[in-house]
Amino acid sequence: MNPEFDLEPDLSRVEVGNFYAQQPEAVWTAITDPAALERWLMPSTGYMGAMVGTHFLLSVPSSASAEIACEVLAATPNRAMTWSWMDLRSARPVRWLLSWEVHSHGRGTRLLLTHSGFDVDDKRQIMARNAFARGWNQVLSTKLPDVLAPPQR
């Protein structure tokens, strides 16, 4: 076995990478513009884009009172952004990190999302990690492309 390859998944994080035919600036806008973000992720209150220090709430559509508290921790325009992410529905809220990386790739863009900070010794967090893995894969492969696609005539 080649020791350079780690075949064991890192259960403390979820990594989802997708390729989009659009240029990096378009992908960046889709993940940072408040109106665009609402179209593919969730409605937000207080989100003003990739401005470090911005605190905001995401409203979970499946539950009227469910909210996720976030803060923009770092941002490099058209390249990378990091948020804190705390699901306020939980009896014991956990603070995770969401990191977005935008890379030019051929004629399009590669977006890498890393959701990290899961406690591998906590069964509930591993279950949450697995649910997030499915959810992020779904939203980045179906909903985000709809926002990036040009309007139909």
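Residues numbered from 1 in each chain as written. Predicted model: local features only at pLDDT ≥ 70, side-chain atom pairs only at ≥ 80, totals over all residues. Heavy atoms only, no water.

I'm lost on the side chain of Thr 109 in this one. Help?
The topology assignment puts Thr 109 in strand S7 (residues 108-116). The exposure class assigned to Thr 109 is buried, which follows from its relative accessible area of 0%. Within the local environment of Thr 109, its side chain forms a polar contact with the backbone oxygen of Gln 23, the two atoms lying 3.5 Å apart. What Thr 109 contacts, discounting residues up to four positions off in sequence, is Asn 18, Phe 19, Tyr 20, Gln 22, Gln 23, Pro 24, Val 27, Val 102 and His 103. (Helix = DSSP H or I, 4+ residues; strand = E, 2+ residues; numbered from the N terminus. Buried < 20%, exposed > 50% of the residue type's maximum accessible area, 1.4 Å probe, protein only. Polar contact = N/O pair within 3.5 Å; in protein donor to acceptor, adjacent residues only side chain to side chain. Contact = heavy atoms within 4.5 Å.)

What am I meant to see in the environment of Ala 80 here?
Among the structural elements, Ala 80 can be located in strand S5 (residues 80-87). Ala 80 sits in the partly exposed class, given a relative accessible area of 26%. Contacts of Ala 80, omitting those with residues within four sequence positions, involve Trp 28, Ala 74, Ala 75, Trp 100 and Glu 101.

What exactly am I supposed to notice about the side chain of Ser 84 here?
Among the structural elements, Ser 84 can be located in strand S5. Once you skip the residues sitting within four places of it in the chain, Ser 84 turns out to touch Ala 69, Cys 70, Glu 71, Leu 73, Arg 95, Trp 96 and Leu 97.

Before we go on, may I ask you to explain the packing of aromatic side chains in this structure?
Taken as a whole and assessed by the stated rule, the structure comprises 11 aromatic pairs. Both rings, one in Phe 56 and one in Trp 83, keep their centres 5.0 Å apart while their planes meet at 80°; by these two values the pair is edge-to-face. Here Phe 56, found in strand S3 (residues 55-59), pairs with Trp 83, found in strand S5; they are 27 residues apart in sequence, far enough to count as distant. A relative accessible area of 3% places Phe 56 in the buried class. Measuring from centroid to centroid gives 4.8 Å for Trp 96 and Phe 118, while their planes differ by 35°, and the two rings are tilted. In this pair, Trp 96 sits in strand S6 (residues 95-105) while Phe 118 sits in the loop between S7 and helix H3 (123-148), placing the two residues 22 residues apart along the sequence. Take Phe 118: its relative accessible area is 3%, and that puts it in the buried class. A network of ring pairs unites the aromatic residues Trp 40, Tyr 47, Phe 56, Trp 83, Trp 85, Trp 96, Trp 100, Phe 118, Phe 132 and Trp 136 as a single cluster. (Phe/Tyr/Trp six-rings, centres within 6.5 Å; stacked < 30°, edge-to-face > 60°.)

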